[in-house]
Amino acid sequence: MLKIVKDTVSSLRAPSKEVELPLSQKDEDLLLQMWEHLKESQDPSFREKHPSLREGIGLAAPQVGVNKRLIVIHYPVDEEKKEYITYLLANPKIVSQSVKECYLEAGEGCLSVDKEHPGYAYRSYRIRVEAYDALKKENVLIKAMGFDAIALQHEIDHLSGILFYDRIDKKNPFYKKDGAIAL
Ligand SMILES: [Zn+2]
């Protein structure tokens, strides 16, 4: 279980640096620890023993105090079959994005943000991300859409010090954009 940096800490707003490839043992270990943190956070019996632990599906290294371009995403797509979407990525970069947008109807959440920030954070519906995949141990081109694309954009934003509520219209947080897909 890692200590999470909250949005009251200035380092969370700082840009993160690219990591060198091949990945150092230290960077690979950090990705594995972040993955472990997410898995523990999704385990109800583990959470019961650690009441301060919040359930999460994604983490970026600056959220654990390391300003490097590393992100992890882990969430179930089919809990019965134990199928998960899992990304352990270094230097992820959005190389293309759709004009079509989407948003989470219930709003986004973030392990670094304790306060409520109601509203819609608009994101591209489809994106392509180039990255080094630390699980596959190769460079990959990820094609993501919908929830998957939102999760990737949320974590990649962290590498620029951007938080989800920066994307919510302050004056009209529930403004509905034409053509945007609600998820
Ligand atoms: Zn976040």
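Just so you know, these numbers come straight off a predicted model, no measurement behind them.

A.B. asks: Is there a simple way to think about the overall build of the chain in this case?
C.D. replies: Each helix and strand in the chain was counted, giving three helices and eight strands. Along the chain, helices (α) and strands (β) appear in the sequence α-α-β-β-β-β-β-β-β-α-β when read from the amino end. Taken against the 2.2 N^0.38 rule, which gives 16 Å for 183 residues, the C-alpha radius of gyration of the chain at 16 Å falls within 12% of a compact globule. Over its C-alpha atoms, taken along the principal directions, the chain stretches across nearly 45 × 40 × 40 Å. Residue burial in the chain is summarised as follows: out of 183 residues, 34% are buried. Intrachain contacts of the chain at a sequence separation of at least 6 include 69% that bridge at least 24 residues.

A.B. asks: Can you walk me through the sheet that holds strand E7 (residues 138–145) in this structure?
C.D. replies: Strands belonging to one sheet form pairs held by backbone hydrogen bonds; the direction of such a pair is parallel or antiparallel. Taken in spatial order, the five strands line up as E1-E2-E3-E6-E7 in an open sheet, and their pairing is antiparallel. Looking along the sheet, the strands with just one partner apiece sit at the ends: strand E1 (58–60) and E7. Between one strand axis and the next, the sheet turns through 35° on average, direction left out of account. Each of E1, strand E2 (70–78) and strand E3 (83–97) is contacted by helix H1 (residues 25–41), which is oriented at about 35° to E2, the strand it contacts most.

A.B. asks: Just checking my understanding: could you explain the nonpolar core for this structure?
C.D. replies: In globular proteins that are soluble, nonpolar side chains generally tend to be buried together. Counting residues in hydrophobic clusters, the biggest one holds 41 residues, and the most contacted among them are Val72, Leu89 and Leu152. Apart from the residues within four sequence positions on either side, Val72 is in contact with Leu31, Met34, Trp35, Leu38, Gly58, Leu59, Tyr87 and Leu88.

A.B. asks: Sorry, what's going on with the sheet that holds strand E8 (residues 181–182) here?
C.D. replies: With mixed pairing, the three strands of this open sheet are ordered in space as E5-E4-E8. Of all the strands in the sheet, the pair left with one neighbour each is strand E5 (123–124) and E8. Bridge count between strand E4 (residues 101–103) and E8: two bridges; the pairing is parallel. Counterpart to Cys102 in the pairing with E8 is Ile181.

A.B. asks: Help me understand the pairing of E7, please; the structure alone is not making it clear to me.
C.D. replies: Each regular strand carries side chains that alternate between the two faces of the sheet. The pairing of strand E6 (residues 126–133) with E7 spans eight bridges and is classified as antiparallel. For Tyr132, the partnering residue across the bridge sits in E7 and is Asn139. The hairpin turn running from E6 into E7, its antiparallel successor, is four residues long, and Lys137 in that turn takes a positive phi close to 60°.

A.B. asks: How should I be thinking about helix H3 (residues 147–158) in this particular structure?
C.D. replies: For H3, with twelve residues, the first-to-last C-alpha span of 17 Å sits near the 16 Å given by 1.5 Å per residue. Within H3, ten of the twelve residues are buried, leaving the element largely enclosed by the surrounding structure. Regarding H3, the residues found buried are Ala149, Ile150, Ala151, Leu152, Gln153, His154, Glu155, Ile156, Asp157 and His158.

A.B. asks: I would appreciate a short explanation of unusual backbone geometry in the present structure.
C.D. replies: Of all residues except glycine, most have a negative phi; of all peptide bonds, most are trans. Across the junction of Leu21 and Pro22, the peptide omega takes the value -5°, indicating a cis bond. By secondary structure assignment, the location of Pro22 is in the segment before H1. For Lys82, which is not a glycine, the phi torsion comes out positive at approximately 55°. Relative to the elements of secondary structure, Lys82 occurs in the loop between E2 and E3. Overall, the presence of 8 C-beta atoms within 10 Å leaves Lys82 in the exposed class.

A.B. asks: How should I be thinking about H1 in this particular structure?
C.D. replies: Turn by turn, an α-helix covers 3.6 residues, leaving residues three or four places apart pointing in a common direction. The end-to-end C-alpha distance of H1, which contains 17 residues, comes to 24 Å, matching closely the 24 Å that a straight helix rising 1.5 Å per residue would cover. The complete set of buried residues in H1 reads Asp27, Leu30, Leu31, Met34, His37, Leu38 and Ser41. Seen from one end, H1 has its buried residues packed into an arc of 115°, which puts them on one side. In H1, the exposed positions that point more than 90 degrees away from the buried face belong to Gln25 and Asp29. Of the surrounding secondary structure, the elements contacted by the buried residues of H1 are helix H2 (44–49), E1, E2 and E3.

A.B. asks: When you look at the environment of Lys115 in this model, what are you seeing that I'm missing?
C.D. replies: Within the secondary structure, Lys115 sits in the loop between E4 and E5. According to the C-beta neighbour criterion, Lys115 is exposed, with 8 such atoms within 10 Å. Separated by 108 residues in the primary sequence, Lys115 and Asp7 place their C-alpha atoms 9.6 Å from one another.

A.B. asks: Mind showing me how you'd approach the pairing of E6 here?
C.D. replies: Two elements, E3 and E6, share six bridges in a ladder whose sense is antiparallel. Counterpart to Ala90 in the pairing with E6 is Tyr132.

Here is what the cut-offs are and how they apply
Residues numbered from 1 in each chain as written. Predicted model: local features only at pLDDT ≥ 70, side-chain atom pairs only at ≥ 80, totals over all residues. Helix = DSSP H or I, 4+ residues; strand = E, 2+ residues; numbered from the N terminus. Rg over C-alpha atoms; globule rule 2.2 N^0.38 Å. Buried ≥ 20, exposed ≤ 12 C-beta atoms within 10 Å, placed from the backbone. Contact = placed C-beta atoms within 7 Å. Pairing = 2+ DSSP bridges. Axes fitted to C-alpha atoms, helices over the stretch in contact; angles between N-to-C directions. Core = buried A, V, L, I, M, F, W, Y, C linked by C-beta atoms within 7 Å. Expected span 1.5 Å × (residues − 1). Arc of directions from axis to C-beta.

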